[in-house]
Amino acid sequence: MYKYLYLFSNNLSGTLPTEIGNLVSMVSQLNLGYNSLSGVIPTELGDVVTLKAGLKLENNKLSGSIPTELGKFTKLAKYLKLQSNSLSSTLPSELGNLASLSTFFGVNSNQLCSDVPTELAALSSSVTDWLLTTENSLGTVCGWIEDSRFPAAGSTTATAVDYYGDNIYGTLPTQFGLLTDITSFRVYSNYLSGPIPTELGNLVESEEDFWMSRNEFTGQLPTQLGKLVAMSSSISVRDNDLSGTLPSQLGRLQLATGLYLYGNKFTAVPTELGYMSEMQSEFSLYSNLLSSTVPTQLGNLVKMTYSLRLNGNPMSGSVPSELGQLTDFGSIFRLDATSVSGSMPTQLGQLVRMSSNFNLRSNSLSSVIPTELGQLSQISYGFNLRSNSFSGALPSQLGQLVQMGTYLNL
């Protein structure tokens, strides 16, 4: 039976052989510190469960993660020295099994990250020298590289990314996709440019807000954002320079309540947006380059109460009669300057809760003005149908708009 193996402070190089796990009779100490050993720590080392005094691998060039198998050293009483290497990833919780350790625990001066497991932290009070944090990235999400523009963003305790109006320039780092535990992402009103990273689709716990508006982002909206299915608040990328077809995958965000996409150069509205069944307060795609038809599926957004805006787009086709199903709608129904044509659906008369801003001006609508519009008797401001091609008599039923105070424009 061998009690110890001392090979420290030589010029040993190469990797640790897996056969080191065969030293199952070693009862005292294994010391290979202060050499030039490289590669990973073999998992087989954890088979030397008889070690009682110490394991010393400090001041080498070892890399990779710390094997969970080292947690089998339950008899180790004095030293575990792994400091001054290039070990990375997280500290295994299994190291908390080293309950007999009393003298020295060292993993400092590596590249370790994330949080210290509670099982391991519980040992700190019984170990004389406890060296963890120096020259590591503990408390930081693994893979995060510090960026002075976004202080503390990579902290493991962060629950939100919130950089509003901070005059931030440059591109948005792809590493934000590592922050998979955050619940909201807000980087609006800055000068961020370039494409929106596809990696943001990894933020699957985001449910409160996803706001990237008022920047200078370019390119297409990533399809990967369709993975943010927990989003139960609003999504805003308004006032950027985004272009192309809107991804149909956005239709998977069925819990989202608001969609702010205006002020870009999007070219088409996918029918799948009609699946966003919890949409309530804002569906705004105005001032883009939308050339598609108004999807009939938007009539499925029956919880909408405020602001359906497609105005200022070179669209085509007719006004879908299905929009009459939005019977809870109250204010800001705008399809003006969209180039829609044909007759106005009589079903729009079912929007009886409209109180203001019913606007379909500057289109190519023809035929007669539906008498059913007289049912919009709660509207008090902004009833605008001017600059179309309506014909026939003015319906007497419009006299039922008794709440109208200002801005009746035919």
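The structure reproduced in this document is the subject of the present report. No experiment lies behind these values; they were computed from the predicted model shown.

As for the sheet that holds strand β11 (residues 129-131)
Remark on secondary structure: sheet strands pair via backbone hydrogen bonds, oriented parallel or antiparallel. On the basis of which strands lie adjacent, the open sheet formed by 6 strands has the order β1-β3-β5-β7-β9-β11 and parallel pairing. Edge positions in the sheet fall to β1 (4-6) and β11, since each of these pairs with one other strand and no more. Taken pair by pair, the neighbouring strands of this sheet meet at an average axis angle of 10°, ignoring direction. Bridge count for strand β5 (residues 54-56) against strand β7 (residues 79-81) is 3 bridges, and the pairing is parallel. Among the inter-strand pairings, Leu 55 is bridged to a residue of β7, identified as Leu 80.

Some details on the packing of aromatic side chains
For the structure on display, the rule yields 15 aromatic pairs. Ring centres of Phe 333 and Phe 358 lie 5.5 Å apart, and the angle between their planes is 15°; this geometry places the pair in the stacked category. Taken together, the residues Phe 333 in strand β25 (residues 331-334) and Phe 358 in strand β27 (residues 356-359) connect sequence positions 25 residues apart. The two residues Phe 333 and Phe 358 agree in class, both being buried. Taken together through their ring pairs, the aromatic side chains of Trp 144, Phe 150, Tyr 163, Phe 176, Phe 185 and Phe 210 make up a single cluster. Across the ring face of Phe 104, the terminal group of Lys 81 is positioned such that the distance to the ring centre comes to 4.7 Å. If you follow Arg 309 out to its NZ or CZ, it ends over the ring of Tyr 286, 3.7 Å from the centre.

A few points about the state of the cysteines
Enumeration over the complete set of coordinates arrives at 1 disulfide. With a sulfur-sulfur separation of 1.9 Å, Cys 113 is cross-linked through a disulfide to Cys 142. Measuring the twist about the S-S bond at about 95°, one finds the Cys 113-Cys 142 disulfide to be right-handed. With a gap of 29 residues between them, Cys 113 in strand β10 (residues 111-114) and Cys 142 in the loop between β12 (137-138) and β13 (160-162) connect regions that are remote in the sequence.

Some points on the pattern of salt bridges
Within the structure shown, the criterion is met by 10 salt bridges. Close ionic contact of Asp 47 with Lys 72 constitutes a salt bridge, the shortest N to O distance being 3.1 Å. One end of the pair, Asp 47, is in the loop between β4 (36-39) and β5; the other, Lys 72, is in the loop between β6 (61-64) and β7, with 25 residues separating them in the sequence. Judged by its relative accessible area of 36%, Lys 72 is partly exposed. The closest approach of N and O atoms between Arg 353 and Asp 328, which form a salt bridge, is 3.1 Å. Note that Arg 353 is positioned in the loop between β26 (341-343) and β27 and Asp 328 in the loop between β24 (306-309) and β25, a separation of 25 residues in sequence. The exposure class of Arg 353 is exposed, given its relative accessible area of 54%. Residues joined in a network through salt bridges with shared partners are Asp 162, Arg 186 and Asp 209.

Focus on the environment of Gly 33
With respect to the helices and strands, Gly 33 occurs in the loop between β3 (29-31) and β4. Sequence-wise, Gly 33 and Cys 113 are 80 residues apart; in three dimensions their C-alpha atoms are separated by 23 Å. Setting aside residues no more than four positions away along its own chain, Gly 33 makes contact with Phe 8, Ser 9, Lys 56, Leu 57, Glu 58 and Asn 60.

Some details on the sheet that holds strand β20 (residues 241-244)
Spatial ordering of the open sheet is given by β14-β16-β18-β20-β22, a layout of 5 strands whose pairing is parallel. One side of each edge strand has no neighbouring strand; the edge strands of this open sheet are β14 (169-171) and β22 (265-266). Bridge count between strand β16 (residues 191-194) and strand β18 (residues 216-219): 2 bridges; the pairing is parallel. Bridge pairing links Ser 193 to Glu 216 in β18.

Quick look at the pairing of β27
Direction of pairing for β25 relative to β27: parallel, over a ladder of 3 bridges. Bridge pairing in β27 places Ser 331 opposite Ser 356. Bridge analysis of β27 against strand β29 (residues 381-384) gives 3 bridges, and the strand direction is parallel. In the strand pairing of β29, Asn 359 is matched with Asn 384.

A few points about unusual backbone geometry
We note that Ser 114 has phi near 70°; this positive angle belongs to a residue other than glycine. Assignment of secondary structure puts Ser 114 in strand β10. The phi angle at Asn 167 is positive, at roughly 55°, despite the residue not being glycine. For Asn 167, the position within the fold is in the loop between β13 and β14.

Rules used throughout
- Residues numbered from 1 in each chain as written.
- Predicted model: local features only at pLDDT ≥ 70, side-chain atom pairs only at ≥ 80, totals over all residues.
- Heavy atoms only, no water.
- Pairing = 2+ DSSP bridges.
- Helix = DSSP H or I, 4+ residues; strand = E, 2+ residues; numbered from the N terminus.
- Axes fitted to C-alpha atoms, helices over the stretch in contact; angles between N-to-C directions.
- Phe/Tyr/Trp six-rings, centres within 6.5 Å; stacked < 30°, edge-to-face > 60°.
- Buried < 20%, exposed > 50% of the residue type's maximum accessible area, 1.4 Å probe, protein only.
- Lys NZ or Arg CZ within 6 Å of the ring centre and 35° of its normal.
- Disulfide = S-S within 2.5 Å.
- Salt bridge = Lys/Arg side-chain N within 4 Å of Asp/Glu carboxyl O.
- Contact = heavy atoms within 4.5 Å.

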